[in-house]
Amino acid sequence: MEEKNDCMNEQKKEGMEESGQECVEECGKACEKECVEKGVQEYGEACEDAGLDEEKIQKEEKKVRSRRFEKAEWYLAGILLVAGWLYGNLLFPSSLWRKCEDEVVFVVFHLLCVGAGLVYISKKKQKATRQSWLYLGFILISLVWFLWFPNREMYFSMLLFLFAMCVYWVVALFGKQSGNQLDERAVGDWLNAVFVVPFVNFFQNFLCVGDMWMYGLKGFWKTGEKKTKHWGETAFGVLLSVPVLMIVIPLLMEADQSFQDAVIGIWEWFLTMDFFYVDIQTWFRWFVVLFVWCYVFGLFYGTMRAKKRAEVALGLPARMLEGFLAMIVLVYLLFYVVKFAGIGESLGKIEQGELWVSTYARDGFFELCWIGAINFCVFVFARWGSSQVDRHMRWLLCALGAETVAFVGLAFSKMHLYVMTYGWTFKRLYASWFMLLLLVTFGLLVGQLWKKYHAVRVAVLFGCVTFLMVAFGHPYVC
């Protein structure tokens, strides 16, 4: 502003009107850019000083005065409210829903949430990422399982799989993945989407409804320049008529017996409705409805507005990580020395009948699987904890991966012995799938040390596909 005034004074003193006009235009453009950031009031005053006409000032002020919620959020809140109501009636069914199958209501709830996300991103005039369509495919296949292959043994596992896939689908839908790809950082993205984003934006749906009410859906449906009247004014008018109607209706009832009978009949019909009887189940139902509505809306809205998480590099010293890995690798080597020395003795006891096959197979099986899962965390920590993986680190990670593969192979041998003796069951099939996933994952992670490719993405896709194969095929195998 000071530059503009100085420039104007200098040009006027010199009598160069033409040049002064050019200076006003240049300073006005600079003023627009600066004042958009400062706010509407300062912007309007500055634009007047810059010589802009009133119509342009109003037009630019309208752009600056942007609301927090748009039509897209209104659509999202409406659809998710219906979805939350369905979920509340699923857990605490009312008289209207007792005849509906739970699986159908469950599937419709998820389809509404998915549809709300697609409508939301469409109204925001954005495109869904290509990766999100793959995760959406996994979601739809899971919903098919809930409709046609419900099984109590896998029900909880499928619920966890569906929930995890839905949350990460929302992250991928708006392109908020760290690094724009599925890798080790996906765990952080998923945890952030589950525990942080929805609760930070937990009550934004109520603010959205308030925004919709304040603006009265003005311009929500419009034809040309004609817009609907303010709904808030209409509602206030309706409330204003209540005292008058409380006086008029009794008079009309006294004036006509038929009208009196009609009003009494309507009132008695309302008194017989279920919503006049509020029990503890109804309170719980509406609590679930509101919680699901707030949580899912917060997830979509917060993810849309969130910035991509900054990549956090631990930058730990390479020597420290090498010492950390070396100790773990040495302990595992000691375990293998002791374990392989006792295998022959255990097999001899089985042949002599002193040791049951089931006892030998179960002994340490789950512990080995847990060690494999822990080693994955150790591998990721060492891989991303150091800014640079040198030759010593690479060989230590290879040793850790090879030992984990050996752990999984040892657990596989126990499971094979158990299955050959007692046959397949769901738990044995499920455990075998988990071991196969660990085996493939560590094979890919070790290979990534020598050749760059997306090991975690391949492992996750392999895990999802094989998990769904177990879910659909397990009734025919076991």
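Heads up: these notes are all about the structure in this document.

Cut-offs and rules
- Residues numbered from 1 in each chain as written.
- Predicted model: local features only at pLDDT ≥ 70, side-chain atom pairs only at ≥ 80, totals over all residues.
- Heavy atoms only, no water.
- Core = buried A, V, L, I, M, F, W, Y, C linked by side-chain atoms within 4.5 Å.
- Buried < 20%, exposed > 50% of the residue type's maximum accessible area, 1.4 Å probe, protein only.
- Helix = DSSP H or I, 4+ residues; strand = E, 2+ residues; numbered from the N terminus.
- Contact = heavy atoms within 4.5 Å.
- Axes fitted to C-alpha atoms, helices over the stretch in contact; angles between N-to-C directions.
- Parallel < 35°, antiparallel > 145°, perpendicular 65-115°, else oblique.
- Left-handed = near helix turned anticlockwise from the far one by under 90°.
- Nonpolar A, V, L, I, M, F, W, Y, C, P; charged D, E, K, R; others polar.
- Phe/Tyr/Trp six-rings, centres within 6.5 Å; stacked < 30°, edge-to-face > 60°.
- Salt bridge = Lys/Arg side-chain N within 4 Å of Asp/Glu carboxyl O.

Moving on to the nonpolar core. Of all hydrophobic cores here, the largest spans 65 residues; its most connected members are Leu 80, Trp 169 and Phe 300. For this core, the secondary structure elements donating two or more residues are α5 (71-91), α6 (102-123), α7 (130-148), α8 (152-173), α9 (186-195), α14 (280-305), α19 (426-448) and α20 (455-477). If one sorts the elements of this core by residue count, α8 sits on top with 13 residues. Beyond its immediate sequence surroundings of up to four residues, Trp 169 is in contact with Val 114, Gly 117, Leu 118, Ser 132, Tyr 135, Leu 136, Ile 139 and Phe 300. Grouped together as the second largest cluster of nonpolar side chains are 35 residues, Ile 328, Leu 368, Leu 397 and Phe 407 included.

Interaxial distance between α8 and α20 falls to 11 Å at its minimum, and their mutual angle equals 150°. What the angle tells us is that α8 and α20 run roughly antiparallel. Regarding α8 and α20, the two cross each other, and that crossing is left-handed. Between α8, through Glu 153, Met 154, Ser 157, Met 158, Phe 161 and Met 165, and α20, the contact on the second element is made entirely by Cys 464, Phe 467, Leu 468, Val 470, Ala 471 and His 474. Considering only residue class, the contact of α8 with α20 consists of nine nonpolar, two polar and one charged.

The final tally for this structure, using the stated rule, is 33 aromatic pairs. Between Phe 199 and Tyr 295, the ring centres sit 5.5 Å apart and the planes meet at 70°, which makes this aromatic pair edge-to-face. Taken as a pair, Phe 199 in helix α10 (residues 197-200) and Tyr 295 in helix α14 lie far apart in primary sequence, 96 residues in all. Judged by its relative accessible area of 11%, Tyr 295 falls in the buried class. Chaining the aromatic ring pairs together yields one cluster made of Phe 199, Phe 202, Phe 203, Phe 206, Phe 287, Phe 291, Trp 293 and Tyr 295.

Moving on, we get to unusual backbone geometry. Within the chain, Lys 125 stands out as a residue other than glycine whose phi angle is a positive 60°. Assignment of secondary structure puts Lys 125 in the loop between α6 and α7. Given a relative accessible area of 78%, Lys 125 falls into the exposed group.

Across all of its chains, the model carries four salt bridges by this definition. Ionic pairing is found between Glu 73 and Lys 124, a salt bridge with its closest N-O pair at 3.0 Å. Placement of Glu 73 in helix α5 and of Lys 124 in the loop between α6 and α7 is noted, with a sequence separation of 51 residues between them. Residue Lys 124 is classed as partly exposed on the basis of its relative accessible area of 21%.

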